[in-house]
Amino acid sequence: RDVPGSRAFPTPDAWRRDVSGSASLAVRGLRAFDHPGVFDVSLAAMRFDRRFADPGNPLGAVDDTHRNRRTDLALGWRVSEGLLVASLRAEAMRHRLESTTDGERSRNRGAFAGLGEVRRGGWTASGATRFDALEGFSPEVTGRMGLARILAGDRGGPTRLSGRLGAGTSFRPCWAR
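Counting of residues starts from 1 at the beginning of each chain's written sequence and follows it residue by residue. Residue-level local features of this predicted model are given only where pLDDT is at least 70; pairs of side-chain atoms are given and counted only at 80 or more, and the full residue set underlies all totals for whole chains, interfaces and linings. The side-chain figures draw on all heavy atoms in the structure; neither hydrogens nor water molecules are used.

In this fold, S106 is placed in strand β5 (residues 103-120). In this structure S106 comes out as partly exposed when scored by relative accessible area, which is 31%. Along the chain, S106 and R96 lie 10 residues apart, while their C-alpha atoms are 4.2 Å from each other. Those residues in contact with S106, other than ones at most four positions away along the chain, are R94, H95, R96 and E135. Think of it this way: any DSSP run of H or I at least four residues long counts as a helix, any run of E at least two long counts as a strand, and we number them from the N terminus. Buried, partly exposed and exposed residues are distinguished by accessible area as a fraction of the type maximum, computed with a 1.4 Å probe on protein chains only: under 20%, between the cut-offs, and over 50%, respectively. Contacts between residues were defined by any pair of non-hydrogen atoms, one from each residue, lying within 4.5 Å.

In structure tokens, the structure reads:
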């Protein structure tokens with residue numbers, strides 16, 4: 001690294017081209033039959049391609065190509081009845097890399113989460129549980145609890161001051177593997 005002629009110090013003939021694109025479609029607030037609550041559906045796709053070439057590199061010509069693809073699907077349901085708000089969400093993701101230097105890899109992830117809130121007199125108490133299943137890692141269950149209070153302003157109004165306390169656990173895999 002940082003050797004003249006390397007990627008950190010390319011020759012004058014070196015070039016890099018990045019091409020990216022993404023698309024998403026989301027439908028929120030779907031009502032199905034006489035089922036309580038509303039459903040949300042979203043689908044997203046992303047691509048990122050990078051090509052780096054340095055034909056005059058003194059250590060040998062370089063011509064690297066990387067192709068990343070990612071697809072996400074999420075389904076959600078939420079209902080509000082009186083003081084209670086409940087929601088469920090399921091997600092699936094597929095990430096694929098094809099690279100001349102890093103090889104071909106793919107990783108799949110799935111997650112499921114449930115959230116419940118109780119609102120009364122400017123107070124909101126909440127609790128959530130999330131299950132993550134990431135290819136190459138053990139499944140993980142995490143949780144979170146919170147308590148919030150509106151201190152000034154109206155609920156749903158344009159301006160308000162609120163305070164919140166929260167505690168929980170999280171899962172973040174090491175992507176270096």
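Moving on from the coordinates now.
Our focus in this paragraph is the pattern of salt bridges. Basic side-chain nitrogens of Lys or Arg form a salt bridge, by our definition, when they fall within 4 Å of a carboxyl oxygen of Asp or Glu. Evaluation of the coordinates by the stated rule reveals 15 salt bridges. Note that D72 is salt-bridged to R70, the shortest N-O span being 3.1 Å. The class of D72 is partly exposed, set by a relative accessible area of 22%. Assessed through its relative accessible area of 32%, R70 is described here as partly exposed. Here E91 and R130 are joined by a salt bridge, their closest N and O atoms 3.3 Å apart. Within this pair, whereas E91 is found in strand β4 (residues 84-99), its partner R130 is found in strand β6 (residues 123-134), the two being separated by 39 residues in sequence. Taken together, the shared-partner salt bridges connect R89, E91, R109, R130 and D132 into one network.

What follows deals with the sheet that holds β6. When DSSP finds at least two bridges between two strands, those strands are taken to pair. Strand order in the open sheet formed by eight strands is β1-β2-β3-β4-β5-β6-β7-β8, and the pairing between neighbours is antiparallel. In the strand order of this sheet, the two ends are held by β1 (15-30) and β8 (160-168), each with one partner. Looking at each pair of strands side by side, their axes are set apart by 15° on average, direction ignored. Relative to strand β3 (residues 62-81), strand β2 (residues 38-54) runs antiparallel, the two sharing 17 bridges. Of the residues in β3, the one forming a bridge with R47 is R69. Axis lines are fitted to C-alpha atoms, over the contacting stretch for helices. Their N-to-C directions set the angle, which ranges from 0 to 180 degrees.

Judged from the 14 bridges that link them, β1 and β2 form a sheet pairing that is antiparallel. Paired with G21 across the two strands is R47, which belongs to β2.

Moving on: the side chain of T11. Its location among the elements puts T11 in the segment before β1. For T11, a relative accessible area of 17% puts it in the buried group. Distance and chemistry together define a polar contact, namely a pair of N or O atoms within 3.5 Å, with one atom able to donate a hydrogen and the other to accept it when in protein, and with adjacent residues in sequence counting only for side-chain atoms on both sides. A polar contact is formed between the side chain of T11 and the side chain of D54, at a distance of 2.4 Å. Among residues more than four places away in sequence, those in contact with T11 are D54, G56, N57 and P58.

The subject of this paragraph is the pairing of β6. For β5 and β6, the ladder comprises 12 bridges, and the chain directions are antiparallel. By the bridge assignment, G110 is partnered in β6 with A133. The antiparallel pairing of β5 with β6 creates a hairpin that spans two residues between the two strands, and G121 there sits at a positive phi of about 55°. Pairing between β6 and strand β7 (residues 140-153): 10 bridges, direction antiparallel.

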